[in-house]
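Notes for the structure review
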Amino acid sequence: MSLRAVARRIAAREVSPIDLTRRMLARIAMVDPVLKSYATVMGDQAIADAEKAASEIAAGRYRGPLHGVPIGIKDLCYTKGVRTMGGLAVRRDFVPSEDATVVTRLRTAGAVVLGKTNLSEGAAAGYNPAMDVPLNPWNHDRWPGMSSSGSGVALAAGLCFGAVGTDTGGSIRNPSSANGVVGLKPTYGRVSRFGVMPMAPSLDHVGPMAREVADVAILFDAMAGRDPADPTSLDAPPAEAVKALGGGVRGLRIGVDRAYALVHTDAGQARAIEAALKVLERQGAVITPVRMPDLSDLVPTWAAICGAEIAAAHAATYPSRAAEYGPYLREFLETGASVTPQELAAARRRRAQLTAQMDALLDTVDAMAGPAGGDPAWPITHALQTGPLPAYHRAWGAAQPRSAEFTMPMDLAGAPAICLPCGVSADGLPYSIQFTGRRLSEALLCRVAFAYEQATDWHNRHPQVQA
C-alpha cells in the first residue's frame, strides 16, 4: 500500500498507527534477517511514537498525511539516543545527542520512525566487510543500488512506507531504480544537511524515497525548507509539491537527447523510455529535442571533488584507524587524499562550466527525460561489494558503462531529478525513467512524474518477498 493510501485510512480512523506499526515491526522481524535493509530497528521508540500519534489523532489533533505513518531513516542521519553508523565500523558506537534536521521535521509531521536503514560504507559504493549488505528483493544476486540501498530495499519489500535517502553521485536514484521505487533528489540545499554525516559536502543532497510519486511529494514537503543550522540550505518558498499533483502535462515541454539517453544503453530500457515519452505525448506534453553538454570528463571531475571532500570528512579517523575501514573506502580515501590543490581547482572550474551548461539546457524545457542510472539491476556478488575498489568498478563498468552519466551531472549542477518505474525487463527487473528540472522545480517534476505514473501501472508491481 502507498503512503498516501495508508495515511487516508489513518486519518479516517480505519487503521490505528499502533496496530500498523506493530504489523510493520513484525514484517521486518520476519523478512529482514534475509534482506538486511535495516541497520537498527527502533521497536520500542516506534511503538511509543505510534501511541502518541494515535492519542493525538483521537483527540482531533491530526497533523497531516505523515501522522502515524511508519518510515525508515537512512543511517547517515543523526537520531538522538540511537546509534548512527553511516555504514562505518569506525562509527559503530556513535550515538548522537540530537536529531538531524530532516529527522526532526519528519517527526514534527507525525511520522513514526521504524529504524535506521543500511547503507554502503561512508555512503561510497562499497560496503565494509564487518557490516550487513542489503539484498535486492527482486533478485538477491542483483545490485541493490548505491548507498541508500537499505532504504530502497525496505520500500520495495514493504518494510516502511517512506524513507530518507542521500545522493552524492546517484545514491537516491540508483537504489530507487534498482529496486523499482520512486526517488527524488532535490535541488542542492533544498533539504537541510545538518546532522547528516558528510560524504562530500558540496555534492551531498538529502531527499525522499517511497513507492509512489505522491508519497515522495508528501515527504518532500515535510523535509524541505531553510535551516539556520545549515548555511548551505536555501531560503526558498515552500515546496508545495503535493499541491502540484494532478496538474497534468498538457503543453509542458519534455526534453530528450536520444543520443545521450537511448544509445548504448540497455535495449529494453531504451524501449521503455520511448514508450513512456509516448504516454506523456498522448497526454499533451511536447517532446522536445535537446542536447546534453559534453560529459567526457564527467567522472574525473566528480571523483576529484568528491575524493578530496570525503578525505577531509574522514580526517579524524583516517588514516589513524585505517584497519577499521573496508578495502573499497580505504582506496577511495587514499585516492582522494592524493588530489592536489591544482587538480581540485581545475575540477571546480569544470564543474562551474558544466553547471552553467546544464542550467542553460534546463531553461529551454520544463523537464528532461532519460535513464536513472541504476537499472536494470546488474549481477553482483557479496565479494565484489565488500572487496577492493578496482574489482567493483570493473564489474560495474562492464555491466553499466554509462550509469554515471545519468546521475552525476545532476549532483554536480545541484539540479533536481526524480525517477520512477517505467517497465520490467525480460528477466523481471524494474526499469525506471528520470526527469530532471531546473533549480527549485521539484513540484513540477512531481507533477510530470505523477501524470505518467497515473497513466500506467508499473508502480503497482512489487517483488515476491520470502521470509
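My aim in this report is to walk through the structure given alongside it, one point at a time. (Residues numbered from 1 in each chain as written. Predicted model: local features only at pLDDT ≥ 70, side-chain atom pairs only at ≥ 80, totals over all residues. Heavy atoms only, no water.)

Another point: the overall build of the protein. When its secondary structure is counted, the protein shows 17 helices and eleven strands. The globule rule puts the C-alpha radius of gyration for 467 residues at 23 Å, and the 20 Å found for the protein is close to it. Dimensions of the protein, computed from C-alpha atoms along their principal axes, come out at roughly 60 × 60 × 45 Å. Burial analysis of the protein (467 residues in total) assigns 63% to the buried set. A total of about 16700 Å² of accessible surface is found on the protein, and carbon and sulfur atoms cover 54% of it. Put simply, the protein has 46 plus and 44 minus side-chain charges, and the middle of one group is 3 Å from the middle of the other. (Helix = DSSP H or I, 4+ residues; strand = E, 2+ residues; numbered from the N terminus. Rg over C-alpha atoms; globule rule 2.2 N^0.38 Å. Buried < 20%, exposed > 50% of the residue type's maximum accessible area, 1.4 Å probe, protein only. Areas by Shrake-Rupley, 256 points an atom, 1.4 Å probe, with all protein chains shown as cover. Lys, Arg positive; Asp, Glu negative; His and termini not counted. Charge placed at Lys NZ, Arg CZ, Asp CG, Glu CD.)

To continue, consider the side chain of Asp-230. Within the secondary structure layout, Asp-230 lies in the loop between α7 (213-223) and α8 (241-244). Among residues more than four places away in sequence, those in contact with Asp-230 are Ser-192, Arg-193 and Phe-194. (Contact = heavy atoms within 4.5 Å.)

For the rest of this paragraph, the subject is helix α12 (residues 327-337). Every buried residue of α12 is accounted for by Tyr-328, Leu-329, Phe-332, Leu-333 and Gly-336. Projected down its long axis, α12 shows its buried positions confined to an angular sector of 125 degrees, all on one face. Residues of α12 that are buried sit in contact with α11 (298-313) and α15 (389-399). (Arc of directions from axis to C-beta.)

A few words now on the layout of surface pockets. In this structure, the largest pocket occupies an estimated 620 Å³ of space. Contributing to the lining of the largest pocket are 34 residues, with Val-299, Trp-302, His-393, Trp-396 and Met-408 lying nearest its centre. Contributing elements (two or more residues each) for the lining of the largest pocket: α11, α12 and α15. Ranked by the residues each element gives to the lining of the largest pocket, the list is headed by α11, at six residues. (1 Å grid on protein atoms, 1.4 Å probe; cavity = no way out; pocket = protein on both sides within 12 Å on 5 of 7 lines; lining within 4 Å. Points joined across faces, edges and corners; volume = space filled by probe spheres on them.)

Moving on, we get to helix α10 (residues 267-282). The end-to-end C-alpha separation of α10 is 23 Å, in line with the 22 Å expected for 16 residues at 1.5 Å each. For α10, the complete set of buried residues consists of Gly-268, Gln-269, Ala-270, Ala-272, Ile-273, Ala-276, Leu-277, Val-279 and Leu-280. Of the residues one or two after α10, Gly-284 is the one with positive phi, at around 105 degrees. (Expected span 1.5 Å × (residues − 1).)

A large share of strand β4 (residues 162-167) lies buried, amounting to six of its six residues. Burial along β4 is two-sided: the residues Gly-162, Val-164 and Thr-166 and Ala-163, Gly-165 and Asp-167 are all buried.

The subject of this paragraph is empty space enclosed by the protein. The rolling of a water-molecule-sized probe over the atoms marks out the regions of remaining empty space. Under the criterion given, the structure shown has five cavities of 30 Å³ or more. Considered as a void within the structure, the largest cavity measures approximately 60 Å³ in volume. Around the largest cavity, the lining residues are Trp-138, Gly-180, Pro-421, Gly-423, Val-424, Pro-430, Trp-458 and Arg-461. No other element matches the three residues that strand β10 (residues 417-424) contributes to the lining of the largest cavity.

Further remarks concern unusual backbone geometry. The omega torsion of the bond from Tyr-318 to Pro-319 falls at 15 degrees, within 30 degrees of zero and hence cis. Tracing the chain through its elements places Pro-319 in the loop between α11 and α12. With omega at -5 degrees, the peptide bond leading from Asp-375 into Pro-376 counts as cis. Looking at the secondary structure, you find Pro-376 in the loop between β9 (367-370) and α14 (382-386). One non-glycine residue, Leu-440, lies in positive phi territory at about 65 degrees. Leu-440 sits in the partly exposed class, given a relative accessible area of 40%.

Turning our eyes to something else, we now look at the packing of α12 against α15. Between α12 and α15, whose axes approach to 8 Å, the crossing angle comes to 100 degrees. It follows from the interaxial angle that α12 and α15 lie roughly perpendicular. Of α15, the residues touching α12 (which contributes Tyr-328, Glu-331 and Phe-332) are Leu-389, Pro-390, Tyr-392 and His-393. Taken together, the residues of the contact of α12 with α15 break down into five nonpolar, one polar and one charged. (Axes fitted to C-alpha atoms, helices over the stretch in contact; angles between N-to-C directions. Parallel < 35°, antiparallel > 145°, perpendicular 65-115°, else oblique. Nonpolar A, V, L, I, M, F, W, Y, C, P; charged D, E, K, R; others polar.)

We now examine the environment of Gly-428. Within the fold, Gly-428 resides in the loop between β10 and β11 (430-436). C-alpha of Gly-428 to C-alpha of Ile-287: the two residues are 141 residues apart in sequence and 29 Å apart in space.

Quick look at the pairing of β9 now. Burial along β9 is two-sided: Ala-367 and Ala-369 facing one way and Met-368 and Gly-370 facing the other are all buried. Where strand β7 (residues 253-256) lies against β9, two bridges are found, and the strand directions are parallel. Looking at β9, one finds that Ile-254 is bridged to Ala-367. As paired strands, β9 and β11 are joined by three bridges and run antiparallel to one another. The residue bridging Gly-370 from the neighbouring strand is Gln-434, located in β11. (Pairing = 2+ DSSP bridges.)

Attention now moves to the packing of aromatic side chains. Applying the stated criterion across every chain yields a total of nine aromatic pairs. Centre to centre, the rings of Tyr-260 and Phe-406 are 5.2 Å apart; their planes meet at 65 degrees, and the pair counts as edge-to-face. Pair noted here: Tyr-260 is in helix α9 (residues 258-262) and Phe-406 is in the loop between α15 and α16 (408-413), with a separation of 146 residues, a long-range link. Take Tyr-260 and Phe-406: they sit in the same class, and that class is buried. Ring geometry for Tyr-392 against Trp-396: centres 5.8 Å apart, planes inclined by 75 degrees, an arrangement best described as edge-to-face. Highlighted residues: Tyr-392 and Trp-396, both in helix α15, separated by four residues, approximately one helical turn. Accessibility assignment for this pair places Tyr-392 and Trp-396 in one class, buried. Among the aromatic residues, those joined into a ring-pair cluster are Trp-143, Tyr-328, Trp-378, Tyr-392 and Trp-396. Sitting above the plane of the Phe-94 ring, Arg-91 keeps its charged end 4.4 Å from the centroid. (Phe/Tyr/Trp six-rings, centres within 6.5 Å; stacked < 30°, edge-to-face > 60°. Lys NZ or Arg CZ within 6 Å of the ring centre and 35° of its normal.)

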